[in-house]
Amino acid sequence: MILDGKKTSEKRLALLREKIEESGLYPRLATVLVGEDPASQLYVKMKHKACERVGIGSIGVELDAGASTQDVLDAVHRLNLDPMISGILVQLPLPKQIDTHAVIEAVDPLKDVDGFHPTNLGRLFSGSPRFSPCTPLGVMTLLSEYGIDPAGKNAVVIGRSIEVGRPMAALLTNADATVTIAHSKTKDLASITQRAEILVAAVGRPRFVTADMVGWGATVIDIGTNYDENGKLCGDVDFAMVEAKAKAITPVPGGVGPMTIATLMENTFAAETMRSCGHFL
């Protein structure tokens with residue numbers, strides 16, 4: 001079974017547009033883009049396009065590649081104080097001269113629709129999330145859409161990044177899965193992944209997960225976005241070989257990626273909803 005993220009995201013965006021229209025609210029998302037990295041520019045453009053589709057206003061703050069940490073902090077501070085802005089997204093990665101942690105911590109937690117602020121990550125890990133990182137939360141939505149309940153299942157997450165791997169593990173734990181986080185220092189990785197009923201790959205290495213690493217009937221979630229030696233877009237999973245063993249699997253493209261953007265839109269509406277009723281708990 002193919003877990004179609006594109007189809008699911010289209011469904012979620014259509015429902016969200018209806019909710020926004022019925023609410024009478026006007027959520028607005030602000031993006032902060034530093035430099036001219038083509039991939040980052042494309043991602044920001046896609047996010048603004050999604051905003052248009054669902055009725056979320058959006059503005060883009062663009063800084064040149066030579067911007068300092070203080071320049072970015074000043075931009076974030078202005079957006080924090082702007083009463084018209086519901087959510088703020090700082091496009092990562094930032095140029096090397098910028099202190100990424102300082103920038104993330106500067107975003108108002110109540111406008112942190114990316115879910116990366118330490119306060120929001122802390123709430124997630126404590127089991128009472130406000131905003132969860134969009135990619136892992138999008139995965140959970142996709143699993144739910146296809147009736148895959150993590151409760152009681154053995155889940156393995158390959159990757160321990162604070163943006164994806166760790167919050168993914170936290171969300172699965174909150175959903176009552178038994179979770180193992182594997183990474184570059186894990187010994188005999190295949191023996192661990194073969195036992196996974198839900199296997200999430202978030203390592204950033206083309207076709208890293210091969211068929212011999214996957215147990216029969218597993219649900220395989222591919223979060224990777226890579227380009228192989230021929231310049232072809234591919235995931236962290238060798239899809240052609242693994243599909244035959246998996247009960248369910250996400251493709252690349254068309255799997256997790258669209259869910260990330262849909263979740264960002266939902267988080268932005270949630271931020272505006274909480275703000276409008278004065279509920280920030």
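The model shown is predicted, which means the values in this text are computed figures rather than measured ones.

Parameters at a glance
All chains use their own residue numbering, which begins from 1 and follows the written sequence. Given that the model is predicted, a residue must reach a pLDDT of at least 70 before its local features are reported, and side-chain atom pairs must reach 80 or more before they are shown or counted; all residues, however, enter totals for whole chains, interfaces and linings. Water and hydrogen atoms were dropped before computing side-chain values, which therefore reflect all heavy atoms in the structure. Strands here are runs of E lasting at least two residues and helices are runs of H or I lasting at least four, both read from the DSSP assignment and numbered beginning at the N terminus. Every radius of gyration here is taken over C-alpha atoms, with the globule rule written as 2.2 Å times N^0.38, N being the number of residues. Any residue under 20% of the maximum accessible area for its type is buried, any over 50% is exposed, and the rest in between are partly exposed; the area is computed with a 1.4 Å probe on protein chains only. Here, residues are in contact when the closest pair of their heavy atoms is within 4.5 Å. Using the Shrake-Rupley algorithm and a 1.4 Å probe, accessible areas are obtained, with residue cover drawn only from the displayed protein chains. As used throughout, the charge tally considers Lys and Arg to be positive and Asp and Glu to be negative, leaving His and the chain termini uncounted. To locate a charge, take NZ of a lysine, CZ of an arginine, CG of an aspartate or CD of a glutamate. Salt bridges are identified by distance alone: a Lys or Arg side-chain nitrogen within 4 Å of an Asp or Glu carboxyl oxygen. Counting of polar contacts relies on pairs of N or O atoms within 3.5 Å, with two restrictions inside protein: one atom must be capable of donating a hydrogen and the other of accepting it, and residues adjacent in sequence are counted only when both atoms are side-chain atoms. The pairing criterion for strands is at least two bridges between them, as found by DSSP. What a helix should span is 1.5 Å times the count of its residues minus one. In this description, the arc belongs to the directions extending from the helix axis to the C-beta atoms. We define a nonpolar core as any set of buried Ala, Val, Leu, Ile, Met, Phe, Trp, Tyr and Cys residues linked to one another through side-chain atoms lying within 4.5 Å.

K.L.:
Is there a simple way to think about the overall build of the protein in this case?
P.N.:
Broken down by element type, the protein carries 10 helices and 10 strands. Taken over the C-alpha trace, the protein has a radius of gyration of 19 Å; the compact-globule value for 281 residues is 19 Å, and the two agree within 12%. Overall size of the protein, expressed as C-alpha extent along the three principal axes, is 50 × 45 × 35 Å. Out of the 281 residues in the protein, the part that is buried amounts to 49%. Here the contacts in the protein between residues at least 6 apart in sequence split such that 70% fall between residues at least 24 apart. By element, 54% of the accessible surface of the protein is carried by carbon and sulfur atoms, the whole surface being about 13,200 Å². For the protein, the distance from the average site of its 28 positive side-chain charges to the average site of its 33 negative ones is 3 Å.

K.L.:
Help me out: how do you make sense of the side chain of Arg130 in this one?
P.N.:
Mapped onto the elements, Arg130 comes out in the loop between α5 (118-125) and α6 (134-145). Asp108 provides the closest opposite charge to the buried, unpaired Arg130, separated from it by 7.0 Å. Side-chain polar atoms of Arg130 contact the side chain of Asn120, separated by 2.9 Å.

K.L.:
Whenever I open this one, unusual backbone geometry confuses me. Can you help?
P.N.:
Trans peptide bonds make up the majority, and among non-glycine residues the majority have a negative phi. Across the junction of Leu92 and Pro93, the peptide omega takes the value 0 degrees, indicating a cis bond. If you trace the backbone, Pro93 turns up in the loop between β3 (87-90) and α4 (100-106). Residue Val252 is joined to Pro253 through a cis peptide bond whose omega torsion reads 0 degrees. Residue position: Pro253 is located in the loop between β10 (248-249) and α10 (256-276). In this structure, Asp188 is a non-glycine residue whose phi angle is positive, near 50 degrees. The backbone of Arg207 shows a phi angle near 50 degrees, a positive value even though the residue is not glycine. You can see Arg207 is positioned in the loop between β6 (198-201) and β7 (219-222).

K.L.:
Which parts of the structure should I look at to understand the environment of Glu266?
P.N.:
Of note, Glu266 is situated in helix α10. Put simply, Glu266 and Glu197 are 69 residues apart on the chain and 28 Å apart in space, counted from C-alpha to C-alpha. Excluding its chain neighbours within four sequence positions, the residues that come into contact with Glu266 are Arg12 and Leu16. Reaching out from Glu266, the side chain makes a polar contact with the side chain of Arg12 at a distance of 2.8 Å.

K.L.:
Honestly, the sheet that holds β10 in this entry has me stumped. Any pointers?
P.N.:
Either a parallel or an antiparallel arrangement is found when strands of a sheet pair, and the pairing is made through backbone hydrogen bonds. One open sheet holds the 5 strands; their spatial order is β5-β4-β6-β7-β10, and the pairing between them is parallel. With one partner strand each, in any of the chains shown, β5 (178-182) and β10 form the two edges of the open sheet. Relative to β10, β7 runs parallel, the two being bridged by 2 bridges. Following the sheet pairing, Val220 is matched in β10 by Ile249.

K.L.:
Any chance you could explain the pattern of salt bridges here in plain terms?
P.N.:
Side chains carrying opposite charge are able to pair once their charged atoms draw close together. Scanning the model with the defined rule gives 7 salt bridges in all. Among the salt bridges present, the one from Asp228 reaches Arg207, with a minimum N-O distance of 3.2 Å. Of this pair, Asp228 sits in the loop between β8 (226-227) and β9 (233-234) while Arg207 sits in the loop between β6 and β7, and the two are 21 residues apart along the sequence. The buried category is assigned to Asp228, whose relative accessible area is 11%.

K.L.:
How should I be thinking about helix α2 (residues 38-54) in this particular structure?
P.N.:
One turn of the α-helix equals 3.6 residues, which is why residues spaced by three or four share an orientation. Taking 1.5 Å per residue, 17 residues should reach 24 Å; α2 reaches 25 Å between its end C-alpha atoms and fits that length. Taken together, the buried positions of α2 are occupied by Ser40, Val44, Lys47, His48, Ala50, Cys51 and Val54. Buried residues in α2, looked at end-on, bunch into an arc of 155 degrees, giving them a common side. Along α2, exposed side chains directed more than 90 degrees from the buried face belong to Pro38, Lys45, Lys49 and Glu52. Buried residues in α2 make contact with α1 (5-23), β1 (28-34), β2 (57-63), β3 and α10. Gly55 occupies a position one or two residues after α2 and carries a positive phi of about 90 degrees.

K.L.:
Would you take a moment to explain the nonpolar core for this structure?
P.N.:
A general tendency of soluble globular proteins is for nonpolar side chains to be buried together. Among the nonpolar cores identified, the biggest contains 24 residues, and Val139, Leu143, Met168, Leu172, Val200, Ile221 and Ile223 are the most heavily contacted of them. Of all the elements in the fold, those that place two or more residues in this core are α6, β4 (154-158), α7 (165-174), β6 and α10. The element contributing the most residues to this core is α7, with 5 residues. Leaving out residues up to four positions away in the same chain, Met168 has contacts with Pro136, Val139, Met140, Val157, Val200 and Ile223. If you look at the next biggest cluster of nonpolar residues, it comprises 19 residues, including Leu89, Phe131, Ala262 and Met265.

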